[in-house]
Amino acid sequence: MRFGKAFIPTQKEAPKDALLPSHIFLVRGAFINQVASGIYNFLPLGKKVLEKIENIIKNELDNAGCQEVQLGFVTPCELWEKSGRLAKYGKELLRFKDRRENCFVLGPTHEEMMVELVKNRANSYKDLPLNLYQINLKFRDEARPRFGLLRGREFIMKDGYSFHADHEDMVREFKLMEETYRKIFEKMGLDFRVVEAHSGAIGGSGSKEFMVLANSGEDTIVVCDSCGYAANIEAAKRAQPEAPCEPPEAEFCKFFTPGVKTIGELSDFFKVNPYYLVKAVAKKAIYDDHEEIVVFFLRGSDELQETKALSAIGANDLVDVSEEELENAGLVPGYIGPFETEVRVLFDSSLKNAANMICGANEKEYHMVGADLGNIEAEFADIIEVKEGDKCPGCGGKLLLTKGIEVGHIFQLGTRYSEPLEANFLDENGKSKPFVMGTYGIGVSRLIAAIIEQNHDEKGCIWPKSVAPFEVDIVVSNIKDEEQKNFAEELYDRLRSASVEVILDDRNERFGFKMKDFELIGFPYAVIVGKSLKEGKIEIVDRKTLEKTEVEKDKVFEYLTDILK
Ligand code: ATP
Ligand code: MG
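Participant: Which parts of the structure should I look at to understand the site of ligand 1?
Facilitator: Near ligand 1 you find 15 residues, and of these R140, E142, R151, G152 and E406 are the closest. In the environment of ligand 1, an oxygen atom lies 2.9 Å from a nitrogen or oxygen atom belonging to the side chain of R140. A distance of 2.6 Å separates an oxygen atom of ligand 1 from a polar atom in the side chain of E406. Coverage of ligand 1 by the protein amounts to 86% of the 580 Å² it exposes when considered alone. Among the elements that make up the shell around ligand 1, the one with the highest residue count is strand β21 (residues 399-414) (four residues). Classifying every residue of the shell around ligand 1 by side-chain character gives six nonpolar, four polar and five charged.

See the structure below:
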C-alpha cells in the first residue's frame, strides 16, 4: 500500500467527548469514525486491524473444532417470547415492526437463533457435540454508549454456542474454550486475567470473563495476592470477616435515637463499630409483570452489591426509591429494621445468627438494641460487595481490587434455552432430552480499543505485530530525491514479495509530518530513507521504544525480516 493513494485521513483534533487514549487515537489515526452515538464506521486501517483480530480468533476456534456460520442480524420477536427474554432484556433490545406489523429485534446476542438453527437438524446424540460460532454485528441500545469502541451500541461480537448430550461433555468444552480464549488473547499480546463472573441476562450457571487489565476498564475485578483467585466484583466472594471487637451486649429493647438515621450517625451515637449495626438498603425491584419494594439488610460495615442482590431476588432491575414511596409502603425512612416489616426482605449471609445487633425499630426516632437475628425466619444470600483488604475465600490471602475491560465471557448454560425452545435430541436409549449448552462471546470491536488502552503512549497507538494494520512503514524523507525514492521503492517491492505487510510513505510532505503520522497510527517499525543513504545507512525506528537503529542499506531487508519473525 502506498500512503499517497491510501485513504488514511488522520486528524489533529480529538473528538470532543473522547476521554480515553483508545478513543482519541483510533479516531485521530483514521481507524474509525462516529456515525451516531455508539455507532462507528471502520476506515481502511480499522478494517485491516479488525480482520487481523478476526483471523486470530477464527484460526484458534477452528483448531479447537468449532465451525463458523452466519446468522441473521434481524431476529423475530417470537423467538424471544418463547425463551422468555423479550421482557427481561429491557430497553437494550431494539424492537421494530416490518410493513406487515411483524415484530423484530436487532440481535443483541443469538442464543435463540442458534438453538432454532440446530433444533430438528441435530437429532441424535451421534450428532453431538457441536460448537457453532459467528463473527457478526450486534446491537444493544446501551444507556450510556461511550469510550468509542469500548461501549458501542452497534458492535462486532464473536458468539459461539455449543450443544452436548450431557453436563460433563459441556464442562469439557467449557474448559477447552477457556484454553482457546487464553491462546487468542495471548496472540494479541494482551495482559489479561480470567475471572469468575456473574451470568447476567444470558442466564445459566458457571461463567468466566476475560479481563484486559487497564485503569480505564469499566469493570472492577478482585484478585487474591496469594493464590490464583480472581473474580468480577459482581461475583466476588470473601471469607466471612472476623468480628473486629467485642459485641455491644444489651437487653433487647427500643432506644430513643432522635435524628439518628445513617450508619455513621448511629455508630457515633452508640460508640459502636458499624459491624454491629444492621444497615437497611431499600430498592424497587422491577419484574416482568410487576414492581415491588425490597429491603436488603446487611452489616453497617458492608455495602450492597447490586448485581448479586438482583440475582438473589430474580428481578430484572433494581432502582432507587423515594422517601415518599417508602412511606407509602409502610416503611419509616432512616429507621427501617428487620422485625415486622411488610415488604419483601433479604438478609446478607453474614447476618445469619448475628446477636447483640443494633437495628431500626420501624418507628420514627427509634432503634432496637440487643437484637438477635438467630430466630428470624428469612431468606439469606451473599449480597455484599467485597472490599480491598477482605480475606480470600480460597486461601485467606488479601483481596485487592483492580480495573479491567471485559473482552470475553464464557457461560455454562445448561438447558436454559433448549428447554423453553423445545430443542431436543434422542439419547443412547432413544429418550428425548433437551440439549445441554454452553455459550462463548468475544467483544471483537471492543478488543481493538482494549489493545490500544494497553499499548499506547502520548503520541499515539503502538500496535502489537500480530494485529498491526501494516508491520513496516517506509518513510521517504525527501520524495524529490531520486536516490531515496528508488531505494525505498526497491525495498518496498522486496518486502512485499516476502509477504511483509508494508506501507510506503511516498507523499510529497515534510519528513516531520510523515513521522507524526507514523507515531499516531503506530505501525511497529518505520524505515527512514533519508540523508544518510548517501553514506549507505538507513534508520529503523521501533515504535514501542522510539529507539533508532542505524543499519547498512544492504542489510535492511534481512534486519527487518529478522525482527518481524
Ligand atoms: P458488559 O458487562 O461490558 O456490558 P456484557 O456482559 O453485557 O458486557 P456479554 O453479553 O457477555 O456482554 O457479551 C459478550 C462480549 O461482547 C463481552 O464480553 C464484551 O466484550 C462484548 N460487548 C458487550 N457489550 C458491548 C458493547 N456495548 N460494546 C462493545 N462490546 C460489547
Ligand atoms: Mg458479560
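Having seen the model, we can carry on.
Participant: Which parts of the structure should I look at to understand the sheet that holds strand β28 (residues 537-542)?
Facilitator: Sheets are built from strands that pair by backbone hydrogen bonding, the pairs being arranged parallel or antiparallel. With mixed pairing, the five strands of this open sheet are ordered in space as β26-β25-β27-β28-β29. The open sheet is flanked by β26 (502-505) and β29 (548-552), the only strands paired with a single partner. Between one strand axis and the next, the sheet turns through 25° on average, direction left out of account. Most of the contacts of helix α11 (residues 482-497) go to strand β25 (residues 472-476), to which it runs at about 165°, and overall it touches β25, β26, β27 (525-529) and β28. Helix α12 (residues 511-521) contacts β25, β26, β27 and β28 of the sheet and is inclined by roughly 170° relative to β25.

Participant: So what exactly am I meant to see when it comes to the nonpolar core here?
Facilitator: Generally speaking, nonpolar side chains in soluble globular proteins are found buried as a group. In this structure, I53, I57, Y181, F185, M188 and W463 are the most contacted members of the largest nonpolar core, which totals 68 residues. For this core, the domains that each give at least three residues are domain 1 (16-73 + 106-237 + 400-453) and domain 3 (472-563). I57 has contacts with I135, K158, I184, M188, I442, V444 and L447, leaving out every residue within four places of it along the chain. Core analysis: the next-biggest nonpolar cluster, separate from the first, contains 31 residues, V272, L277, V278 and A361 among them.

Participant: Sorry if this is basic, but what is going on with the packing of helix α2 (residues 44-63) against helix α10 (residues 444-454) here?
Facilitator: Two elements in contact, α2 and α10, have axes separated by 10 Å at closest approach and are oriented at 110°. Of the possible angle classes, the one that applies to α2 and α10 is roughly perpendicular. On α10, the residues that touch G46, V49, L50, I53, E54 and I57 of α2 are V444, L447, I448 and I451. Among the residues making up the contact of α2 with α10, the classes are represented as eight nonpolar, one polar and one charged.

Participant: Would you take a moment to explain unusual backbone geometry for this structure?
Facilitator: Negative phi characterises most residues that are not glycine, and trans characterises most peptide bonds. Here the amide bond leading from L128 into P129 is cis, since omega sits at 0°, within 30 degrees of zero. Structurally, P129 can be placed in the loop between α5 (111-118) and β7 (130-139). Backbone geometry places F147, a non-glycine residue, at a positive phi of 60°. Structurally, F147 is set in the loop between β7 and β8 (154-164). At L546, a residue that is not glycine, the phi angle is positive and equals roughly 60°. Among the structural elements, L546 can be located in the loop between β28 and β29. For L546, a relative accessible area of 28% puts it in the partly exposed group.

Participant: Explain the packing of aromatic side chains to me, please; I cannot follow it from the model alone.
Facilitator: In this description, an aromatic ring pair is defined by two values, namely the gap between the centres and the angle between the planes. Within this structure, the stated rule accounts for 18 aromatic pairs. Consider the rings of Y181 and F185, whose centres lie 6.0 Å apart with planes at 85°: the pair is edge-to-face. Taken as a pair, Y181 and F185 lie in helix α6 (residues 167-187) at a separation of four residues, close to a single helical turn. The exposure class assigned to F185 is buried, which follows from its relative accessible area of 0%. Relative to F435, the ring of F425 has its centre 5.6 Å away and its plane inclined at 15°; by these criteria the two rings are stacked.

Participant: Hey, could you run me through the domain arrangement of the chain in this one?
Facilitator: Interfaces are often described in size by the accessible area the parts lose on coming together. Taken as a whole, the chain is organised into domain 1 (16-73 + 106-237 + 400-453), domain 2 (253-381) and domain 3 (472-563). The centre of domain 1, based on its C-alpha atoms, is set 38 Å off from the matching centre of domain 3.

Participant: How should I be thinking about the pairing of β21 in this particular structure?
Facilitator: If a strand is regular, its side chains alternate between the two faces of the sheet. With seven bridges connecting them, strand β10 (residues 207-213) and β21 associate as antiparallel partners. Among the inter-strand pairings, L213 is bridged to a residue of β21, identified as G404. Pairing analysis gives six bridges linking strand β11 (residues 219-224) to β21, with the strands arranged antiparallel. If you follow V223 over to β21, its bridge partner there is L400. Bridge count between β21 and strand β24 (residues 436-443): six bridges; the pairing is antiparallel. Residue pairing for β24: H409 is matched across the bridge by G441.

Participant: Even after reading the chapter, I still don't get the pairing of strand β18 (residues 357-363), so can you show me in this structure?
Facilitator: Counting buried residues in β18 gives five out of seven residues, a clear majority hidden from the surface. Relative to strand β19 (residues 366-371), β18 runs antiparallel, the two being bridged by four bridges. Each bridged residue has a counterpart across the sheet, and for G360 the counterpart in β19 is H367. The antiparallel hairpin formed by β18 and β19 contains two residues in its connecting segment, where E365 sits at a positive phi of about 70°.

Participant: Is there a simple way to think about the state of the cysteines in this case?
Facilitator: Two cysteines joined by a covalent bond between their sulfur atoms form a disulfide. Under the counting rule described, the total for this entry stands at one disulfide. Through a disulfide, C77 is tied to C103; the S-S separation comes to 2.1 Å. Disulfide C77-C103: torsion about the S-S bond near -50°, hence left-handed. Taken together, the residues span a long stretch of sequence, with C77 in helix α3 (residues 77-83) and C103 in strand β6 (residues 103-106) at a distance of 26 residues. Among the residues examined, C77 registers a relative accessible area of 3% and is labelled buried. Here C224 is not disulfide-linked; the sulfur of C395 is the nearest cysteine sulfur, at 3.6 Å. We classify C224 as buried; its relative accessible area is 5%.

So, how was this worked out
- Residues numbered from 1 in each chain as written.
- Chains lettered and ligands numbered in written order.
- Predicted model: local features only at pLDDT ≥ 70, side-chain atom pairs only at ≥ 80, totals over all residues.
- Heavy atoms only, no water.
- Near = heavy atom within 4 Å.
- Polar contact = N/O pair within 3.5 Å; in protein donor to acceptor, adjacent residues only side chain to side chain.
- Areas by Shrake-Rupley, 256 points an atom, 1.4 Å probe, with all protein chains shown as cover.
- Helix = DSSP H or I, 4+ residues; strand = E, 2+ residues; numbered from the N terminus.
- Nonpolar A, V, L, I, M, F, W, Y, C, P; charged D, E, K, R; others polar.
- Pairing = 2+ DSSP bridges.
- Axes fitted to C-alpha atoms, helices over the stretch in contact; angles between N-to-C directions.
- Contact = heavy atoms within 4.5 Å.
- Core = buried A, V, L, I, M, F, W, Y, C linked by side-chain atoms within 4.5 Å.
- Buried < 20%, exposed > 50% of the residue type's maximum accessible area, 1.4 Å probe, protein only.
- Domains from an automatic or database assignment.
- Parallel < 35°, antiparallel > 145°, perpendicular 65-115°, else oblique.
- Phe/Tyr/Trp six-rings, centres within 6.5 Å; stacked < 30°, edge-to-face > 60°.
- Disulfide = S-S within 2.5 Å.

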